[in-house]
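Chain and residue survey
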Amino acid sequence: MTAGKVQVFCFDKTGTLTKAGLEFFGVQTTVAGSFTPMVYSLNETTDLFAKAVATCHAVTDLNGTLIGNPVDVEQFRASGGVIAPESEYLDTIQASNAVMHIVRRFQFVHARASMSVAVLDGSDVHVFVKGSFERIKEISRPESLPADYDKVCADLAREGCYVLAIAHKRVDVPIEQLHEQAQDEVESGCEFAGLLVFKNMLKPDTADAIAELKHGSTRTVMITGDTALTGVYIARKCGLMPSGTRVILGESASPNDPVCWIDVDTQEPVTDLAGALSELGSDGFPTTELAVGGTAFQYLCSTGEIDALLLNIRVFARMRPMDKVECVQLHMRYAVTAMCGDGGNDCGALRAAHVGIALSDAEASIVSPFSSSDRSVNSCVELLRESRAGLATSFANFAALICYGQVMSGIVRMSIFYFSVSLTENLWMLIDGGIATGMALTISLSGPAKRLARYRPTSRILGPQMLAAVGGT
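Here goes a summary of the coordinates provided.

Rules used in this analysis
- Residues numbered from 1 in each chain as written.
- Predicted model: local features only at pLDDT ≥ 70, side-chain atom pairs only at ≥ 80, totals over all residues.
- Heavy atoms only, no water.
- Axes fitted to C-alpha atoms, helices over the stretch in contact; angles between N-to-C directions.
- Helix = DSSP H or I, 4+ residues; strand = E, 2+ residues; numbered from the N terminus.
- Parallel < 35°, antiparallel > 145°, perpendicular 65-115°, else oblique.
- Left-handed = near helix turned anticlockwise from the far one by under 90°.
- Contact = heavy atoms within 4.5 Å.
- Nonpolar A, V, L, I, M, F, W, Y, C, P; charged D, E, K, R; others polar.
- Salt bridge = Lys/Arg side-chain N within 4 Å of Asp/Glu carboxyl O.
- Expected span 1.5 Å × (residues − 1).
- Phe/Tyr/Trp six-rings, centres within 6.5 Å; stacked < 30°, edge-to-face > 60°.
- Buried < 20%, exposed > 50% of the residue type's maximum accessible area, 1.4 Å probe, protein only.
- Lys NZ or Arg CZ within 6 Å of the ring centre and 35° of its normal.

Here we look at the packing of helix α8 (residues 206-215) against helix α16 (residues 378-418)
Remark: α8 packs on α16, axes separated minimally by 8 Å, with the N-to-C direction vectors making an angle of 30°. The angle between α8 and α16 falls in the class roughly parallel. Pair α8 / α16 crosses with left-handed handedness. Facing Ala-209, Glu-212 and Leu-213 of α8, the residues of α16 in contact are Asn-378, Val-381 and Leu-384. Classifying every residue of the contact of α8 with α16 by side-chain character gives four nonpolar, one polar and one charged.

A closer look at the pattern of salt bridges
This model, assessed by the stated rule, comprises 22 salt bridges. Between Arg-141 and Glu-143 there is a salt bridge, with its nearest N and O atoms 2.7 Å apart.

Some details on α16
Between its first and last C-alpha atoms α16 spans 58 Å; for 41 residues at 1.5 Å apiece the expected length is 60 Å, and the two agree. Ser-420, located one to two residues past α16, shows a positive phi value of around 55°.

Things to note about the packing of aromatic side chains
Scanning the entire structure with this criterion turns up eight aromatic pairs. Ring geometry for Phe-35 and Tyr-149: centres 6.4 Å apart, planes at 20°, overall stacked. With a gap of 114 residues between them, Phe-35 in strand β3 (residues 34-35) and Tyr-149 in helix α5 (residues 149-158) connect regions that are remote in the sequence. Assessed through its relative accessible area of 16%, Phe-35 is described here as buried. By the ring-pair criterion, three or more aromatic residues cluster together here, those being Phe-24, Tyr-162 and Phe-198. Taking NZ or CZ as reference, Lys-199 lies 5.3 Å from the ring centre of Phe-25, over its face. The ring of Phe-133 carries the charged tip of Arg-318 above its face, separated from the ring centre by 5.7 Å.

Quick look at the structure:
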């Protein structure tokens, strides 16, 4: 019944609004501290970067099938590498005319937004670190970063690309000693190597599903671990943000630093945020939408400013699993909130929401009250249609039975007091068993509407709508 009253629907991006698999797009490396032009094949890049792409992942080969994170799998396929069936090390990979051994691997952790591997290449030992471009910027030596690093990454994200960065260093310590070092020590002192770029394509039916949810007076919100600019691009493509809407992005350097608001399109700072949000279009709705990054979200939560801005924010980006949970819980203070996701990092939010639907058969489907193997956002529309129909049918049955009781009591009074006739037991059985049961079945078997109505059915058994319906008889 709760699903029939959903007012806010939150969506993960990758695998939910967009296709689950990313498509390899290209790479950009550096020469003398400057970016080279984008190349679309690893055969056209440096041997070192090709080796990084072939080894810096957690993909395994199970009887000829590559198993692992979809991004890692697509990355490894693009490298053209082959995983040896047997190895005395963690893995042995043949790629770029070389045989490389993975001697140590730190798995990807959402809190760090990175992973790393130590690779034995002949007599050389390399450390490759892969992660979000913000994280790699933090751990890379400043002199190795191009001057336009932020601009290039932001431009790629603005075009809807999924951007990963890779850093590298050579180490001269024995492998045994490398095994004893902590992850921070292994990854320290790396130099930026290049960008690994993927395209995240929108599912063909996402835009129609979002439009249908909006037609049903349901607010749609994106909560993603990807960059804010990529989130804004996808939000505009699928109709989450109306066309022509001004988008203001809030970012902060850390959860303790104030939020800076910037116009996404003009890159101009915005000083009068309240004035921008108060501007209304001809339809009576604001002409400005907000997007925030993960650290900005944490700052706004810590200061309490999030309460005033929450329902103006359309895209929540760079959100960790616990941030997603907190974001959903904040929306739950103001409205009945649903969450739709497909991955393990969505499990907490799916469980916390009033209504959770997993577009997956994996771990997300275990914690979510609803799951769909269709993996289409149309499943969310169908859930609301069926739930609203169930809610409306239940209350219609209740009202019908109350009205039935009132009508029958009137018939009894008329037959006794005016006609001096008493209905027989068989006639009462026919009325109760035939008419009442048939009426209830007729209402129960009625299907949902083909489209979501603009108004949700009532859920108040003593509300004005029910009292008017029953009292009118």
